[in-house]
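Residue-level structural notes
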Amino acid sequence: MTGPGGAVRRYQVEHRTKYSYSGEVTNSYGRAYLTPRDLPGQRLLSHDIRIDPAPSDRSVGADVYGNITSYFHVTTEHRSLTVVGESLVEVDAPLRDGGPAAEPWEKARPTGANGPFAVEFALDLHPPEITAELAAYTAESFPPGRPLLDAVAELNTRIHDDFAYRSGATTVSTRVADVFAARAGVCQDFARLAVACLRSHGLAARYVSGYLATDPPPGKERMVGADATHAWAAVWTPAAHGSDRAGHWLDLDPTNDQFGDERYITAAWGRDYADVPPLRGIIYTDAKDSTITVSVDVTEIGIRPARDVPVPHDP
């Protein structure tokens, strides 16, 4: 929902990825999750993906979670490949008025009756990521009967305080248990850690990929390309008694110790990072070396009062 006095912000997002190779590539197959979702509280106004060299074949579809995926096949020989996603998005300020999130956290465990589409997100991954140590760590914030919102807020803060943000400490294939042991990682690691913690107590949690609009330091001009892709977690809460809604997902960002707001732009979600990487692919080449450079720019281009926005309903 959007509350009184909230804001509706409009953003221009450019996500540029360039691959460079030491030899010729004869074929590149790619799959991209670069299209922000159309959601209650978020509207995709325009979107385009530019690819150089131009692909000989491309298509757009939706995956099982409703994320928009773009496929492409480049058959022109090349030593570099550039993929640029450009989006215009509006995001509403959320309203958190308690409701089911103020109820004991145990009531937020999904079942086939109250949250059939959320049940999948309460299951562990394969291979398993939930350990006894992880469950014990989570239990400190989830004593019996504690309101869900309070428990999640504390867990969010503890991950932020207990784990160091350290670029290069992990890779996309690093296990949650290894992040937990090292007490270090990046936003993707902290999102995956939070998801595993929540699932260890039977709650439904999903991994969210997207963008976070950031402000420059006081007195400094905003630097183009200084932003980055971001990742956070979301926990499911059941619908209020008597409501015909299917429940609500509450975004939490342990990297920054805050809940999601109008600065967060959702691109895709899944059970894990592996479901929704921004870009993945296969190439055919004899090249021995390759490099990748990623530049993201999130520019706020407008703001208006929330009173102009109808109150949305979660799907």
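Notes on the structure follow. Sequence order as written defines the numbering, with residues in each chain counted from 1. The predicted nature of this model means local features are confined to residues of pLDDT at least 70 and side-chain atom pairs, given and counted, to a pLDDT of 80 or more, with totals for whole chains, interfaces and linings taken over all residues. Calculation of side-chain values draws on the structure's entire complement of heavy atoms; hydrogens and water are dropped beforehand.

1. Looking at the sheet that holds strand β11 (residues 258-259)
- Strand order across the open sheet formed by five strands is β11-β10-β9-β8-β12, with antiparallel pairing between neighbours. Pairing within the sheet leaves two strands with one partner each, and these edge strands are β11 and β12 (264-270).
- Where strand β9 (residues 229-237) meets strand β10 (residues 248-253), five bridges bridge the pair, whose relative direction is antiparallel. By the bridge assignment, A233 is partnered in β10 with L252. When DSSP locates at least two bridges between a pair of strands, those strands are taken to pair. Numbering of helices and strands runs from the N terminus, with a helix taken as a DSSP run of H or I at least four residues long and a strand as a DSSP run of E at least two residues long.

2. Observations regarding the packing of aromatic side chains
- Aromatic pairing here means that ring centres of Phe, Tyr or Trp (its six-membered ring) are within 6.5 Å. Orientation follows from the plane angle: under 30 degrees is stacked, over 60 is edge-to-face, and everything else is tilted. Scanning the model with the defined rule gives eleven aromatic pairs in all.
- Consider the rings of Y165 and F190, whose centres lie 6.3 Å apart with planes at 70°: the pair is edge-to-face. One end of the pair, Y165, is in strand β6 (residues 164-165); the other, F190, is in helix α4 (residues 187-199), and 25 residues separate them in sequence.
- Only protein chains enter the accessibility calculation, which uses a 1.4 Å probe. A residue is then buried if its area is under 20% of the maximum for its type, exposed if over 50%, and partly exposed in between. Here Y165 falls in the exposed class, since its relative accessible area comes to 52%.
- An aromatic cluster is built from Y137, F163, Y165, F180 and F190, whose rings are joined through pairwise contacts.
- Our definition puts a charge over a ring when NZ of Lys or CZ of Arg is within 6 Å of the ring centre and also within 35 degrees of the ring normal. Directly above the ring of W269 sits R37, whose terminal nitrogen or CZ lies 3.8 Å from the centroid.

3. Looking at the pattern of salt bridges
- Salt-bridge detection follows one rule: a side-chain nitrogen of Lys or Arg within 4 Å of a carboxyl oxygen of Asp or Glu. According to the stated counting rule, one finds 15 salt bridges in the structure shown.
- Across the pair E300 and R9 runs a salt bridge whose closest N-O atoms are separated by 3.0 Å. In this pair, E300 is assigned in strand β14 (residues 290-305) and R9 in strand β1 (residues 7-32), connecting sequence segments 291 residues apart.
- When its relative accessible area of 38% is taken as the criterion, E300 is described as partly exposed.
- Residue D261 is joined to R263 by a salt bridge in which the shortest nitrogen-to-oxygen separation is 2.8 Å.
- In this structure R263 comes out as partly exposed when scored by relative accessible area, which is 28%.

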